[in-house]
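# Close look at the chain arrangement
So you can see what is in the structure, the chains are spelled out below.
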Amino acid sequence: MTDRYELPHPIGMGGVALGNEFRVTTDRQAADTLEAAWEAGIRYFDVAPHYGVGLAERRYGQFLHHKPRESFVLSSKVGRLLKAGPEHRNQQLMPYSPSPNIEVYDYSREGTLRSIEDTLQRTGLDSLDVVFVHDLSPDNGALPKDWLELWPEAVEGCFATLSELRDQGVIKAWGMGVNRPEPILKSMEDSDPDLHLMASQYSLVEHDHAIETVFPAARKHGNSFVIGSALNAGFLAGLHRYHYGDKNSVIAKERMEKRDRLREVAFDHGVNLLAAALQFAKAPDVVQTVVVGLGRPDEAIDDVAAMNMPIPAEFWQDLRGAGLIHKDAPVPG
């Protein structure tokens, strides 16, 4: 595969917040947020069955089915099938989501095709542009087996099916959607992906391994990235939360200290740290797009504006000089 898809939008909207991952977002707030994102110019929307166990996809579809299909790019994910069942009555998986669904992991060919079909049913749309293989990763403790035990089925089933769909023109690209680098690196060796959703791995706080290991491998294979969690799930925007999970409010002291140091340098240069974080994530040559989770209309407006705020070169020089970013980290401009 030589001609790789290029995502034409530098910023996209992530669907975690509209799935009520961290707090309740009402249907009205979700609709207003999608409208604000659209009005601000966002035309790339990323979602997943997992986000609110179907809730985010339904909300996306309620808005996007009114728009011409060629006017936006949509990505979703495979690997989990949703089934309605009373097991979800205790709301353990997504406590803020009213969805009745439970999740069943399935990385087979049949499960992959079923997952795509289900997403199209929930959104009311007729096609996906990009498909990510979701959370087949060592950090996912909910998998029915170790991720490496599930890997052969995924290679022969899910990966092969997605490559076939891409080569037929049914989808434009596929890759891993994970919070750890190991599955991304392994997929490039064992299959033929194009575009990965690299979540929780590239931000102002943490980026060394991506620069030294993952990005060189991607260049070798002609792969590229959508960056998720560039704000570390809101941490760099000032929230007391670092990434995901039940204990994401327990933040390591060194991360708090690094954020304080980043804020000091930003203050000295009159730089908005949110803008710096988003623009830093977009800077590498192998990064196509940054997706940000949006749950309120003002967040959409602020994040789009942040991507275009001027940042002086001296700011990046001072970060590098202070050892706050990797010596080889690409910076805007």
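Notes on the structure follow. Values in this document were obtained by computation on a predicted structure and should not be read as measured data.

## Comments concerning the pattern of salt bridges
The full count for this structure, using the stated rule, is 23 salt bridges. Of the charged contacts in the structure, one is a salt bridge between arginine 28 and aspartate 32, with a shortest N-O distance of 2.9 Å. Separated by four residues within a single helix, arginine 28 and aspartate 32 lie in helix α1 (residues 27–39), roughly one turn from each other. Exposure remark for arginine 28: the relative accessible area of 56% places this residue in the exposed category. A salt bridge links glutamate 206 to arginine 255; the nearest nitrogen and oxygen atoms lie 3.6 Å apart. Here the residue glutamate 206 occupies a position in the loop between β8 (195–199) and α6 (208–221), and arginine 255 occupies one in helix α7 (residues 253–269), the gap between them amounting to 49 residues. A relative accessible area of 31% places glutamate 206 in the partly exposed class.

## Re the sheet that holds strand β10 (residues 287–293)
The strand order around the closed barrel built from eight strands is β1-β2-β3-β6-β7-β8-β9-β10, with neighbouring strands paired in parallel fashion. With strand direction ignored, the average angle separating the axes of adjacent strands in the sheet is 25°. Where β8 lies against strand β9 (residues 224–228), five bridges are found, and the strand directions are parallel. Residue alanine 199 lies in a different strand from β9, and its bridge partner there is glycine 228. The strands touched by helix α4 (residues 147–167) are β3 (73–78), β6 (130–134) and β7 (173–178); relative to β7, the strand with the most contacts, the crossing angle is about 145°.

## Let's talk about a negative patch on the surface
A cluster of like negative charges, contributed by Glu264, Asp268, Glu314 and Asp318, occupies part of the molecular surface. Where the negative patch is concerned, the elements lending two or more residues are α7 and α10 (313–321). Counting through the fold element by element, aspartate 318 comes out in helix α10. A residue is classified by how much of its surface remains accessible, and aspartate 318, at 39% relative accessible area, is partly exposed.

## Some remarks on the environment of asparagine 223
Inspection of the secondary structure puts asparagine 223 in the loop between α6 and β9. Excluding anything up to four places from it in sequence, asparagine 223 contacts Arg4, Met188, Pro193, Asp194, His196, Ala218 and Val286. In this structure the side chain of asparagine 223 is engaged in a polar contact, spanning 2.7 Å, whose partner is the side chain of histidine 196. A distance of 3.1 Å separates a polar atom in the side chain of asparagine 223 from the backbone oxygen of histidine 221.

## Structural notes on the pairing of strand β1 (residues 11–14)
Residues Ile11 and Met13 line one face of β1 and the alternating positions Gly12 and Gly14 line the opposite face, and both faces are buried. Bridge analysis of β1 against β10 gives four bridges, and the strand direction is parallel. Considered in β10, the bridge of isoleucine 11 is made with valine 290. As defined by bridge partners, β1 adjoins strand β2 (residues 44–46) across two bridges and the pair is classed as parallel. Paired with glycine 14 across the strands is aspartate 46, a residue of β2. Handedness of the β-α-β unit built from β1, α1 and β2 comes out right-handed.

Definitions and cut-offs
Residues numbered from 1 in each chain as written. Predicted model: local features only at pLDDT ≥ 70, side-chain atom pairs only at ≥ 80, totals over all residues. Heavy atoms only, no water. Salt bridge = Lys/Arg side-chain N within 4 Å of Asp/Glu carboxyl O. Helix = DSSP H or I, 4+ residues; strand = E, 2+ residues; numbered from the N terminus. Buried < 20%, exposed > 50% of the residue type's maximum accessible area, 1.4 Å probe, protein only. Pairing = 2+ DSSP bridges. Axes fitted to C-alpha atoms, helices over the stretch in contact; angles between N-to-C directions. Contact = heavy atoms within 4.5 Å. Patch = residues over 30% accessible without salt bridge, like charges linked within 9 Å, V, L, I, M, F, W, Y side chains within 5 Å. Areas by Shrake-Rupley, 256 points an atom, 1.4 Å probe, with all protein chains shown as cover. Lys, Arg positive; Asp, Glu negative; His and termini not counted. Charge placed at Lys NZ, Arg CZ, Asp CG, Glu CD. Polar contact = N/O pair within 3.5 Å; in protein donor to acceptor, adjacent residues only side chain to side chain. Right-handed = clockwise from strand over helix to strand, strands pointing away.

Just distances and angles here, no functional claims.
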